Amino acid sequence: MKILSIETSCDETAVAILAIATSGKSAKARILANLVHSQISIHAPYGGVFPTLAKREHAKNLIPILIQALQKAKFLKLKPYDISKEIKNHTEKILTKEPELLAQFLSEIPSIKKPPIDAIAVTYGPGLEPALWVGVNFAKALSYIWDIPIVAVNHMEGHVFSALLKAEKKISNSKFLISKQIQNTTYQIPNIQFPALALLVSGGHTELVLMKDRNTYNIIGQTLDDAVGEAFDKVARMLSLPYPGGPAVAALAETAKNQESVTRNYNIRLPRPMIDRPNFDFSFSGLKTAVLYLLKDYEKAGVTLNKNLKANICREFQQAAIDVLLKKTIASAKKYSVKTLLIGGGVSANNELRKQFQQTIKKEIPDACFLIPDVHFTGDNAAMIALAAYFKKNERGNKTADFSKLAASGNVRIDTQKMPAVFLPRAS
Ligand code: KG4
Ligand code: ZN
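Residues numbered from 1 in each chain as written. Chains lettered and ligands numbered in written order. Predicted model: local features only at pLDDT ≥ 70, side-chain atom pairs only at ≥ 80, totals over all residues. Heavy atoms only, no water.

### Concerning helix H14 (residues 383–396)
Next up, step 1: Here H14 spans 20 Å end to end across 14 residues, near enough to the 20 Å set by a 1.5 Å rise per residue.
Next up, step 2: Within H14, burial applies to Ala383, Met384, Ile385, Ala386, Leu387, Ala388, Ala389, Tyr390, Phe391, Lys392 and Arg396. (Helix = DSSP H or I, 4+ residues; strand = E, 2+ residues; numbered from the N terminus. Expected span 1.5 Å × (residues − 1). Buried < 20%, exposed > 50% of the residue type's maximum accessible area, 1.4 Å probe, protein only.)

Given below as structure tokens:
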């Protein structure tokens, strides 16, 4: 099955094309194209993502990125033809709120031959609603003009499935090589043993999701306030580090680790909120506030916030976050006797978190299979959306609806998805 996937839930415009096939119990995915266009430099001056700006950027970039993806997959065949008045009118209706995208759509798409795609996967939520709508409406317009069904995917489900994208050959970590290598790589998709537990850690979410099977999700713990990625971003801002904060905090923390003797002189200790509570919920707002008070204390005492001190604050903050995530994850994995433990989301790119999870899981729950995405699939991408869509279409594809029923939803949870999996462009 060949899937074209679209992801616009936040500040990355991503399009991928995957060819996925099942043989026996396992599946193989070949990535024919995987494009992620980040808007970070546009949002960085605001210190966070600006929803209307994100929407505008997605609308501007979707067509050029789609064309690149088709080209990479060798699906770009030009075949100019005139679209009927009816198709034009209906496309105008679908993209009525995206005039810039509509103009590009009508000038570019009719000259492209329908690609050999079996389904269009799109993220419908959660995320920034204006940004999600652009992707959903774009998917509808393509679905309509090409007569290809849509599979609607929950963004968090995408992060769960990202952990299954395991490259058969080792991929370099060099920024310049990654995109080329991913494109020519086959991914062996492991068969998940249930019950499985997923820890999802991103800029908007921190949740522990128990899975009885591939379609049954139950959130057994979640943050009561800030997401862990959000806390990284806010602490970075307090320390005048660049946005997004996660990678900057992690990089500085690493320098502190490399100077053990200096570290001990500072003796910083931050709280581990809710670590001893007998439930699986989290709270990261208190941890972030503790950093704020610490900085105020330093200011009062006339202590200069030099790079070394910042590095040690980052290190202790990062460790406090990892301690809480790790303890609650292991406790819930034990309680529910899970056979598979998955991690996904932007924060799972954190090296220290990856290392400590690996070590502790091996010691505490050695029989569980631990799956963590390759670093280039930890952040938002469309490949994970295609993979989630593949399983949805295969397992729940008989439940269909007209695509007028498909709507973006900013706050949809992973465990209360009421929508059908597959949407058809033309009512039969
Ligand atoms: O999943 P993601 O790309 O987007 C959302 O769906 O939110 O996650 C973004 C979050 C940001 O808060 C970013 O600071 C954080 O992931 N992040 C990290 C690291 N890389 C990205 N946090 C900690 N360590 C990292 N290395
Ligand atoms: Zn995400």
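Okay, back to it.
### Concerning the domain arrangement of the protein
Next up, step 1: Along its sequence, the protein is organised into domain 1 (2–190 + 377–424) and domain 2 (196–338).
Next up, step 2: Each of domain 1 and domain 2 has a C-alpha centre, and the two are 31 Å apart.
Next up, step 3: Of the residues lining the interface, 19 residues belong to domain 1; the matching set on domain 2 comes to 16 residues.
Next up, step 4: Roughly 1,600 Å² of surface becomes buried between domain 1 and domain 2 when both sides are summed, with 63% attributable to carbon and sulfur atoms.
Next up, step 5: Among the residues domain 1 hides against domain 2, the three largest losses belong to Met156, Val160 and Ile414. Together they make up 30% of the total.
Next up, step 6: Linking domain 1 to domain 2 there are one salt bridge.
Next up, step 7: Of the charged contacts in the structure, one is a salt bridge between Glu395 and Arg214, with a shortest N-O distance of 2.7 Å.
Next up, step 8: Linking domain 1 with domain 2 are three residue pairs in polar contact (both at pLDDT 80 or more).
Next up, step 9: Where the side of domain 1 that touches domain 2 is concerned, the elements lending two or more residues are helix H6 (155–162) and H14.
Next up, step 10: For the side of domain 1 that touches domain 2, the per-class residue count stands at nine nonpolar, four polar and six charged. (Domains from an automatic or database assignment. Contact = heavy atoms within 4.5 Å. Buried area = accessible area lost by both parts, 1.4 Å probe. Salt bridge = Lys/Arg side-chain N within 4 Å of Asp/Glu carboxyl O. Polar contact = N/O pair within 3.5 Å; in protein donor to acceptor, adjacent residues only side chain to side chain. Nonpolar A, V, L, I, M, F, W, Y, C, P; charged D, E, K, R; others polar.)

### Quick look at the site of ligand 1
Next up, step 1: Looking at ligand 1, there are 19 residues lining it, with Gly203, Asp233, Gly246, Gly346 and Asn350 nearest.
Next up, step 2: For ligand 1, a nitrogen atom lies 3.0 Å from a polar atom in the side chain of Asn350.
Next up, step 3: Here an oxygen atom of ligand 1 and a side-chain polar atom of Asp380 are 3.2 Å apart.
Next up, step 4: Contact with the protein chains covers 85% of the free accessible surface of ligand 1, which is 560 Å².
Next up, step 5: Elements with a contribution of two residues or more to the shell around ligand 1: H6, helix H8 (228–238) and helix H9 (245–257).
Next up, step 6: Considered class by class, the residues forming the shell around ligand 1 number five nonpolar, twelve polar and two charged.
Next up, step 7: Here the shell around ligand 1 spans two domains, and each of domain 1 (2–190 + 377–424) and domain 2 (196–338) adds at least three residues to it. (Near = heavy atom within 4 Å. Areas by Shrake-Rupley, 256 points an atom, 1.4 Å probe, with all protein chains shown as cover.)

### Notes on the nonpolar core
Next up, step 1: Grouped together as the largest cluster of nonpolar side chains are 54 residues, with contacts concentrated most on Ile313, Phe317, Leu325 and Phe357.
Next up, step 2: Secondary-structure elements contributing two or more residues to this core are strand S8 (196–201), strand S9 (206–213), H8, H9, helix H11 (285–300), helix H12 (307–335), strand S11 (340–344) and helix H13 (351–364).
Next up, step 3: Element by element, the count of residues in this core is highest for H12, at 13 residues.
Next up, step 4: Counting 48 residues, the second largest nonpolar core, distinct from the first, contains Ala33, Leu70, Phe138 and Val412. (Core = buried A, V, L, I, M, F, W, Y, C linked by side-chain atoms within 4.5 Å.)

### A word on the sheet that holds S11
Think of a sheet as strands paired side by side through backbone hydrogen bonds, with each pair either parallel or antiparallel.
Next up, step 1: An order of S10-S9-S8-S11-S12 is seen for the five strands of this open sheet, with the pairing classed as mixed. Among the strands making up the open sheet, the edge pair consists of strand S10 (216–222) and strand S12 (369–371). Taking the axes of each pair of neighbouring strands and ignoring which way they run, one obtains an average angle of 20° across the sheet.
Next up, step 2: Pairing of S11 with S12 involves three bridges; the strand directions are parallel. Of the residues in S12, the one forming a bridge with Leu341 is Phe370.
Next up, step 3: Each of S8, S9, S10 and S11 is contacted by H6, which is oriented at about 115° to S8, the strand it contacts most. (Pairing = 2+ DSSP bridges. Axes fitted to C-alpha atoms, helices over the stretch in contact; angles between N-to-C directions.)

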